[in-house]
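Listed below, chain by chain, are the residues.
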Amino acid sequence: MNKKEAIIAIIIITIMITGLIFMYSNKKVSSDYDFKVYFFNAGKADAILISKNNKYMMIDTGEESLSDDILKYLRSNNITKLEYLIITHFDKDHVGSASSIIDNIEIGEVLQSNSPKESEYYTNYLNSLSAKNIIPTTVLGDYEITLSDLTINVNGPTTIYDSSASNNSSLIVSITYNDTSFLFMADAENARIKDYLSNNSESYNFIKIPYHGNYLKRLDDMLDVVKPSFGVMTCSSTEGCEEETLEVLDKYNVKYYMTKNGAIRLLSNGKDIIIKQ
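It should be emphasised that the depicted structure is a prediction, and the values quoted were computed from it without experimental measurement.

## Quick notes on helix α7 (residues 190-199)
Within α7, the full set of buried residues consists of Arg-192, Ile-193, Tyr-196 and Leu-197. Down the axis, α7 shows its buried residues gathered within 125° of arc, on one side only. For α7, the exposed residues lying more than 90 degrees away from the buried face are Ser-198 and Asn-199. Packed against the buried residues of α7 are β8 (150-156), α6 (165-168), β9 (172-177), β10 (180-184) and α8 (219-226).

The structure is reproduced here in structure tokens:
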């Protein structure tokens, strides 16, 4: 082998070794990061799939027009059962696809808020529950559930709010996985945020920004308490993610992502968090 051939051989071997290292690294990340959150590209609507060790739950279902996309995603990932379906409140951008999911996917338990809102989507939801003989749990105060080895707290209001009754009835979900923690605020507005903070002072690494990133005067108070490093806003190109909200997030050095730019994947191994979009 001459010098030129030797150099070429070394280059080829180096490329092969680099490829193997890359493949091993990706495999390691995939297996270690076993807590996963998928935010559907749902516009100004919430549809969030959470998984741990092949156990699944959803927080809200987006609008009715999203149902085909959700079912296609679940089927393509061989997801045939949701341990929990959480309907944080009954606006159409949260409950819209619930009936289709209940009709087509096995559900372990349905959790809902305490403030019914009459609409065709709410009626469809009730009819689908009845057809499957599912009695939903209305969450008042703190309610603990488990997903694989995770303990999850679902917090519901114990009162009906006079202002923005539906949004302020939002269930708030918090999850802790070893050294990482996650807070999902649904569409909580100022009154609900104030009441929640009066009884909860924990910090979280991640927050699902309330009310699609529409500006709320209590957001400053919330971020001061929660101190998140990362945040997600479920918004569209025309609704939500208001400039005042972005300014508050920048003030607290929160790295934020917006579903108007596409679906979002969050991964955690209990120590670190990776967010991809």
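## Side note on the layout of surface pockets
Roughly 180 Å³ of volume is contained in the second largest pocket. Lining of the second largest pocket is provided by 13 residues; of these, Asn-155, Gly-156, Arg-192, Asp-195 and Asn-199 occupy positions nearest its centre. Secondary structure elements with two or more residues in the lining of the second largest pocket: β7 (141-147), β8 and α7. No other element matches α7, which puts five residues into the lining of the second largest pocket. Of the residues in the lining of the second largest pocket, the class split is three nonpolar, seven polar and three charged.

## Digging into the packing of α7 against α8
It is at 10 Å that the axes of α7 and α8 come closest, and there the two elements cross at 25°. By the angle between their axes, α7 is roughly parallel relative to α8. Regarding α7 and α8, the two cross each other, and that crossing is left-handed. On the side of α7, the interface is formed by Ile-193, Tyr-196 and Leu-197, while α8 contributes Asp-221, Met-222 and Val-225. When the residues that make up the contact of α7 with α8 are grouped by side-chain class, the tally is five nonpolar, no polar and one charged.

## Points about the sheet that holds strand β1 (residues 35-39)
Taken together, eight strands build an open sheet; the order of strands is β6-β5-β4-β3-β2-β1-β14-β15 and the sheet is mixed. Every other strand in the sheet has two partners, leaving β6 (137-138) and β15 (273-276) as the edge strands with one partner each. Relative to β6, strand β5 (residues 106-112) runs parallel, the two being bridged by two bridges. Among the inter-strand pairings, Gln-112 is bridged to a residue of β6, identified as Thr-138. Where helix α2 (residues 67-76) meets the sheet, it contacts β1, β2 (47-52), β3 (55-61) and β14 (264-268), and its direction lies at approximately 15° from that of β2.

Parameters at a glance
- Residues numbered from 1 in each chain as written.
- Predicted model: local features only at pLDDT ≥ 70, side-chain atom pairs only at ≥ 80, totals over all residues.
- Heavy atoms only, no water.
- Buried < 20%, exposed > 50% of the residue type's maximum accessible area, 1.4 Å probe, protein only.
- Helix = DSSP H or I, 4+ residues; strand = E, 2+ residues; numbered from the N terminus.
- Arc of directions from axis to C-beta.
- Contact = heavy atoms within 4.5 Å.
- 1 Å grid on protein atoms, 1.4 Å probe; cavity = no way out; pocket = protein on both sides within 12 Å on 5 of 7 lines; lining within 4 Å.
- Points joined across faces, edges and corners; volume = space filled by probe spheres on them.
- Nonpolar A, V, L, I, M, F, W, Y, C, P; charged D, E, K, R; others polar.
- Axes fitted to C-alpha atoms, helices over the stretch in contact; angles between N-to-C directions.
- Parallel < 35°, antiparallel > 145°, perpendicular 65-115°, else oblique.
- Left-handed = near helix turned anticlockwise from the far one by under 90°.
- Pairing = 2+ DSSP bridges.

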